Amino acid sequence: MARGNVARPLTAIRQPSVLPGFGLTFGFTTFFLSALVLLPLAALVFMAASMSWSEFLHVVSSGRAIGSYRLSFGASLLAACINLVFGFVIAWTLVRYRFPGRKLVDALIDMPFALPTAVSGIALTTVFAQNGWIGQYLSVLGIRVAYTWIGVTVALTLIGMPFMVRTLQPAIAEVQRDLEEAAETLGAGRLYVFRRIVLPTVLPAMLTGFTLAFARAVGEYGSVIFIAGNIPKKTEITPLLIVIHLQEFDYRGAAALGFVMLVMSFIVLLTINLIHSWGRRRLVATAH
Amino acid sequence: MAGGIPFALREELASRPGRETFIAELVRWGLVVLSLGFLGALLLAPLATVFAVAFEHGLAAYWSSFADPDTRAAIRLTLLTAAVVVPLNTAFGLAAAWCIAKFEFKGKSFLITLIDLPLAISPVISGMMFVLLFGLQGWFGAWLQDHDISIIFALPGIILATMLVTFPYVARELIPLMQQLGNDEEEAAITMGAGGWMTFFRVTLPKVRWGLIYGVILCNARAMGEFGAVSVVSGHIRGLTDTMPLTIEILYQQYNFVGAFAVASLLTLLAVVTLLIKSLVERTGYKRR
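Note that this is a predicted model, so its numbers are computed, not measured.

**Thoughts on the environment of Leu203(A)**
Line of reasoning, step 1. Inspection of the secondary structure puts Leu203(A) in helix α10 (residues 190-219).
Line of reasoning, step 2. With 35 residues separating them in the primary sequence, Leu203(A) and Leu168(A) have C-alpha atoms 9.1 Å apart.

Here you go:
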């Protein structure tokens, strides 16, 4: 601790350590983040702030913008709900059951992470088009997927799926099976065990996965624009509307919409943090 | 195994609800079929389509799509972008992880939040921020034009946008790993007289190598496949500023499906190789934190 008493310029912001390299790595990290994140972020915020209030409102509450929020947020919410169900089923299957090809399926879950969004976009459109492998059967039932909001939801479901499965897998593995078995021997039914033992344990993970899948879906662009149809007010997502503003060199309009989406992202991040601290508190509460 | 259990106990186990009953089997197979059906429709069918359409008109048509000079230029541009972006982001990831995991300082959680930010915002917004900075009507637009420097609709813009979207991958892999592994070995090395760089290369780097590989391959996959952010800054000049994902879009819109899916098949193979390396890394016992 004696070193801490020696006057050194950096001790003002950091605690002493024998390890070298703080100045170099801290400098590089902050420079990199300032140039790549803070400066561009400031440009966006200032560009949006340079608009008058009425001008800002005019852009962000135009009929086309409102329609795009409805689709972006609505379809993302629906996709996250679908993932809540199927993500749980997939995670449960992978953790609890042994079947041929399980390892391969487990590895494939990460495919949407690794697959470029443009590829999944054109591939999904082809599969769900009216003459596509799956689309032809759905069109017999009168369901049109490609170029409708249903297609948008399908694409967003694919994008969000790994988030849900990967968040749920460790949580399901942690469910105490002896508790389940004890409940069963005491005569609890299958659904009762699920509701009272499995669900409470995995609930924080489910909510985290839901929020992550939702957040990713709201900002998604590449896999959606091919399957969406992109008709204003109907099948046009907010990120596409931003791109259209930029292509018309309406930087301020684009910045205003971007600002709205940024605020939404912050709210989502905040929600995730709240869920985390809630989950930890609950864990501590049950441990006592 | 079952032979080792006394008959009476086996009988008792079998009679327990939720064990080997008919309904349990039904639920098990129902859930397996449901999972596989969902993944088959949403994941496997699109993947198979990529290759089915790419080879629709035979191998010759497939190969000839890569003879197109614009497609070749796009492949070169994507490789060039990844070659610049991945090393820079790796250096950043190592520096950020060393700084955040090895020291206690004020503002640390703010740095971590900034590193997480690109993962939370839309790639379109990431690209747009650079347009607002360097575009014609952006902050530095007029100055850049006076000095005849082009960033937007040119290579520097593509590199910057790709960097912003992909830099968290290495850092986010390394920070929790280094935090968990602790500083004991490094402190021992330093107190025994090793220099900082020597400690880094001989102690830290071997310790975190699997996490580093993991982060780098994910960063590379995302860098080569990035669409939204690059699409905003590229300007779509064929043969000049079109990357592979952007070329897919253009060919697809021109109804050149074989061409579009041929390029897409390359990126799909990249994704498969990425997942393969990832599985190999996980087989060493490396676990994501």
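Resuming the write-up.
**With respect to the nonpolar core**
For soluble globular proteins, the rule of thumb is that nonpolar side chains tend to be buried together.
Line of reasoning, step 1. The biggest cluster of nonpolar side chains holds 162 residues, and the ones touching the most others in it are Leu168(A), Ala97(B), Met128(B), Leu132(B), Leu174(B) and Ile248(B).
Line of reasoning, step 2. Residue contributions to this core peak at 14 residues, all from helix α4 (residues 69-102) of chain B.
Line of reasoning, step 3. Residue assignment places this core across two domains, with domain 1 (2-53) and domain 2 (57-283) of chain B each supplying three or more.
Line of reasoning, step 4. Among residues more than four places away in sequence, those in contact with Ile248(B) are Ala118(A), Val119(A), Ile122(A), Ala260(B), Val263(B) and Ala264(B).

**Here we look at the interface of chain B and chain A**
Line of reasoning, step 1. Residue-level contacts link 75 residues of chain B with 73 residues of chain A.
Line of reasoning, step 2. Looking at the side of chain B that touches chain A element by element, the count peaks at 16 residues for helix α2 (residues 22-54) of chain B.
Line of reasoning, step 3. Within the side of chain B that touches chain A, the residues separate by chemical class into 51 nonpolar, 15 polar and 9 charged.

**Here's the deal with the confidence of the model for chain B**
Line of reasoning, step 1. On average, residues of chain B score 90 in pLDDT, and 93% of them reach the 70 mark or higher.
Line of reasoning, step 2. Per the prediction output, this complex has pTM 0.89; the corresponding ipTM is 0.87.

**So, helix α8 (residues 155-166) of chain B**
Line of reasoning, step 1. Its 12 residues place the ends of α8(B) 16 Å apart at the C-alpha level, agreeing with the 16 Å of an ideal helix rising 1.5 Å per residue.
Line of reasoning, step 2. A large share of α8(B) lies buried, amounting to 10 of its 12 residues.

**Focus on helix α11 (residues 196-225) of chain B**
Every α-helix carries 3.6 residues per turn, so stepping three or four residues along brings you back to the same face.
Line of reasoning, step 1. Between its first and last C-alpha atoms α11(B) spans 36 Å; for 30 residues at 1.5 Å apiece the expected length is 44 Å, and the helix comes up short by more than 12%.
Line of reasoning, step 2. Bending of α11(B) peaks at approximately 65° at the position of Arg209(B).

Each value, and the rule that gives it
The numbering scheme is per chain: residues are counted from 1 as the chain's sequence reads. Working convention: letters from A go to chains and numbers from 1 go to ligands, in the order in which they are written. pLDDT decides what is reported in this predicted model: residues at 70 or higher carry local features, side-chain atom pairs at 80 or more are listed and counted, and totals for whole chains, interfaces and linings draw on all residues regardless. A run of DSSP states H or I qualifies as a helix once it reaches four residues; a run of E qualifies as a strand once it reaches two. Both are numbered from the N-terminal end. Joined through C-beta atoms within 7 Å, a set of buried Ala, Val, Leu, Ile, Met, Phe, Trp, Tyr and Cys residues constitutes a nonpolar core. For every residue, the other C-beta atoms within 10 Å of its own C-beta are counted; 20 or more classify it as buried, 12 or fewer as exposed, and values in between as partly exposed. C-beta atoms are placed from the backbone. Domain delimitation in this document rests on an assignment produced automatically or drawn from a domain database. Whether two residues are in contact depends on their C-beta atoms, placed from the backbone: they are in contact if these lie within 7 Å. Residue classes follow a fixed rule: Ala, Val, Leu, Ile, Met, Phe, Trp, Tyr, Cys and Pro count as nonpolar, while Asp, Glu, Lys and Arg count as charged, and any other residue, Gly among them, counts as polar. As a per-residue measure, pLDDT reflects the predictor's confidence and takes values from 0 up to 100. Here a helix's expected span is defined as the number of its residues, less one, multiplied by 1.5 Å. Bend is computed residue by residue as the angle between axes fitted to the seven residues ending at the residue and the seven residues starting at it.

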